[in-house]
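Summary of the model geometry
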Amino acid sequence: MKDVLKVLSRRHLDRRKDVLLTTVSGVASTKPALLTYFDTKVPSIGIITTKSFQVEVNPGNREPVICETERGNFGNSVGLRNPGLEQALYELRKLRSEHDFNALLNVSLSANSIEDFITLVKAFDEVADMVELNFSCPHASVGYGSSIGCDQSIAAQYVRSIKEATTSCKAPLFVKLTPNVQDIGLIAKAVVESGADGLVAINTVGPIVHIDPVSGTPILQNKLGGKGGCSGRQVFPNALEAVKAIRLACGDDIPLIGMGGVSEGREAALLIEAGADAVGIGSALGTVDQRTWPAYLASVKAEAQALLQSTGKIVVPSSSSFLSAERQMAYEKHVVTAFKQYGKDTVLITLDGTLDCKAGQFAFLWLPMIGEKPFSVAHNDPLTFIIKKRGPFSEALCNLSVGSELFVRGLYGAQLENKPTKQALLIAGGTGVAVLPSLASQLKEQGTQMTILIGTSEEVSGKALLEDELGAFGSFTCIADRGRPGRVLDLLDTIALDPGMACYLVGPEIFMAIASRKLLGRGITEENLYLSMERMTLCGIGMCGECACGDRLTCRWGTFMRYDFLKREASELLAYD
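About the criteria used
- Residues numbered from 1 in each chain as written.
- Predicted model: local features only at pLDDT ≥ 70, side-chain atom pairs only at ≥ 80, totals over all residues.
- Heavy atoms only, no water.
- Phe/Tyr/Trp six-rings, centres within 6.5 Å; stacked < 30°, edge-to-face > 60°.
- Helix = DSSP H or I, 4+ residues; strand = E, 2+ residues; numbered from the N terminus.
- Buried < 20%, exposed > 50% of the residue type's maximum accessible area, 1.4 Å probe, protein only.
- Lys NZ or Arg CZ within 6 Å of the ring centre and 35° of its normal.
- Salt bridge = Lys/Arg side-chain N within 4 Å of Asp/Glu carboxyl O.
- pLDDT = per-residue confidence, 0-100.
- Contact = heavy atoms within 4.5 Å.
- Pairing = 2+ DSSP bridges.
- Axes fitted to C-alpha atoms, helices over the stretch in contact; angles between N-to-C directions.
- Core = buried A, V, L, I, M, F, W, Y, C linked by side-chain atoms within 4.5 Å.

As enumerated under the stated definition, the model contains 16 aromatic pairs in all. For the pair Phe-117 and Phe-135, a centre-to-centre distance of 5.6 Å together with 65° between the ring planes defines the contact as edge-to-face. Within this pair, whereas Phe-117 is found in helix H4 (residues 114-124), its partner Phe-135 is found in the loop between strand S6 (130-134) and helix H5 (146-149), the two being separated by 18 residues in sequence. The two residues Phe-117 and Phe-135 agree in class, both being buried. Each residue in the set Tyr-37, Phe-38 and Trp-293 is aromatic and connected to the rest through ring pairs, giving one cluster. Over the ring of Trp-557 we find Arg-291; its NZ or CZ atom is 5.9 Å from the centre of that ring. Note that Arg-409 overlies the ring of Phe-364, its terminal NZ or CZ placed 3.8 Å from the centroid.

So, about the pattern of salt bridges. Taken as a whole and judged by the stated rule, the model has 28 salt bridges. A salt bridge links Asp-14 to Arg-16; the shortest N-O distance between them is 3.0 Å. The salt bridge partner of Arg-93 is Glu-126, with a shortest N-O separation of 2.8 Å. Residue Arg-93 is located in helix H3 (residues 84-98), and its partner Glu-126 is located in the loop between H4 and S6; the two are separated by 33 residues in the primary sequence. Residue classification places Arg-93 among the partly exposed positions, given a relative accessible area of 42%. Residue classification places Glu-126 among the partly exposed residues on the basis of a relative accessible area of 43%. One salt-bridge network, in which partners are shared between bridges, spans Arg-233, Glu-264, Arg-266 and Glu-267.

This part is about the confidence of the model for the chain. For the chain, the mean per-residue pLDDT works out to 94, and 98% of the residues sit at or above 70. Below pLDDT 50 for its whole length, residues 138-145 participates in 31 contacts with residues either more than four positions away or in separate chains.

So, on to the sheet that holds strand S22 (residues 474-480). The strand order across the open sheet formed by 6 strands is S22-S21-S20-S23-S24-S27, and the pairing between neighbours is mixed. The sheet is open, and its two borders are formed by S22 and strand S27 (560-562), each paired with just one other strand. Going from strand to strand, the sheet's axes swing by 20° on average, the running direction of each strand aside. For strand S20 (residues 423-429) and strand S23 (residues 502-506), the ladder comprises 5 bridges, and the chain directions are parallel. Bridge pairing links Ile-427 to Leu-505 in S23. This element, helix H14 (residues 509-521), spans S20, S23 and strand S24 (529-532) of the sheet and lies at about 160° to S23.

Next up on the list: the sheet that holds strand S4 (residues 73-76). Overall, antiparallel pairing links the 4 strands, which are arranged S3-S4-S10-S9 in an open sheet. Across the chains shown, the open sheet's two edge strands, defined by having one partner strand only, are strand S3 (66-70) and strand S9 (205-209). Within the sheet, the average angular offset between the axes of one strand and its neighbour, ignoring direction, is 40°. Across 4 bridges, S4 lies against strand S10 (residues 227-232) in antiparallel orientation. In the sheet register, Asn-76 faces S10, and the bridge partner there is Gly-229.

Turning next to unusual backbone geometry. The linkage connecting Glu-63 with the following residue, Pro-64, adopts the cis geometry, with an omega of 0°. Following Val-316, the chain continues to Pro-317 via a peptide bond in cis, the omega torsion being -5°. Tracing the backbone shows Pro-317 in the loop between helix H10 (293-308) and strand S13 (332-342). The backbone of Arg-10 sits at a positive phi, close to 60°, despite the residue not being glycine. Locating Arg-10 in the fold gives a position in the loop between helix H1 (4-8) and strand S1 (21-23). Positioned with a positive phi, Ser-310 is a non-glycine residue whose angle comes to about 50°.

Attention now moves to the nonpolar core. Counting residues in each nonpolar core, the largest one holds 101 residues, and the members touching the most others are Phe-38, Leu-109, Phe-124 and Tyr-296. Ranked by residues supplied to this core, first place goes to H4 with 7 residues. Other than its neighbours up to four places away in sequence, Phe-38 contacts Thr-23, Ala-28, Ser-29, Pro-43, Ile-45, Ile-48, Leu-285, Trp-293 and Leu-297. Tyr-342, Leu-426, Tyr-530 and Phe-560 belong to the second-largest nonpolar core, a separate cluster that totals 30 residues.

Shown next, in the form of structure tokens:
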């Protein structure tokens, strides 16, 4: 493991050193593949921080858990969602055995007792260059996060006891502080005097209730009445004042990572001038397309260094040029104009208004105070969604009627980039059929002849979902499961296939994995096989990392991934036995 304290200590005093940037717990670097991504493809990041891990699995809060009420200003209430110690440690051990990190790995930890913190610190010591104790989450359950960090004596006692019990651990212990106190400098000094090796500041500000400007209702959903922490550009002044106060209270020797609202090189430079030895970039990544994260962060770093070293260098492109000019999570109100039942648990909901959704894109549907989920768009005009009853939120959607209000945000993802072929086979399982109209339209423009196969879980009299529309694009066949899921895939053993044709798969991952194996066995090439990976993203803008396929986020790259990419970067998504 690397000598973290040597890297960070008094770094803010030496302007000749490179600016050290770090990711922030819970944002972007939330999956093993994304940790590797930042280490191999984003060289401007010098410290990579995991999400906060707890002893037990924590499913977190129900969606919405992230919102944006003004451009670049976010509300957060993820609720410390994480896989728990056992799974997280397994993943990091595996990652360490397969990858030699260039950057420092900072493992964030959360607990509501000294004993659990000790368990976590001891467990993760073998894989961490440094550990970060989350004393600062403002929307965590009672006993977690800021429940610790807001009380000087409790925070000091936690640090003292943890340090005494982990003397054999090698990873230095950093404490992440909350800004939601009267004197952050006082608490910082207390934890340093109790043995903290370093400090991190700040976490989100608040919590407050985040009101949607269109519906007039709270957006976030949790046991705190919809309250959530504030992040993004709005909190930078808080971060700057906190870093100054900590340095004044603790002096120059204690390593300090500053963060909070930084989105440009100018702000990173200001935090370093205030006393930060490294600077975290968090919510800003949600305002930048993942495909340009490496260039964006390189620009932030270069701008900060130019300012700190007074070189007069003008960095092109500027960091601000990468930031979204629009609010990306804005809801629009729609009204249900038609409602059609299909079978016992599927409905077609038609709304007023339109969207220009391309193959590979999706939108979020939101019912205030109930929840939200991402959905494919079945029709752009009139705007139509296919909903299958699976849980509380989809059940609420299925209970709507003509005249009901429904809020939509998006679009997210990107249009499929494919190599045109003379022939194509389109296969969809269940409500995955919703993706096919936009896909078929794109293929038709490319002059492609199509064969369409649909599998459904139940047999319904009359026409299949979207049969009239899809039948206009080519041969259309719908096969019901009749008690055997994926029965439509039996056709792949006998259907005529041209080795040069492309195949597009939509549906559950196991459905697509089985179809892929059959098609490859029939001579379809990996380069001509596309899978629509509809991962359950929480935000749609790249912050949560839940939609990762390997190191690509479907909310930015689009849902369609080529088989050869998945085989190389996310082979676990192709396994079913």
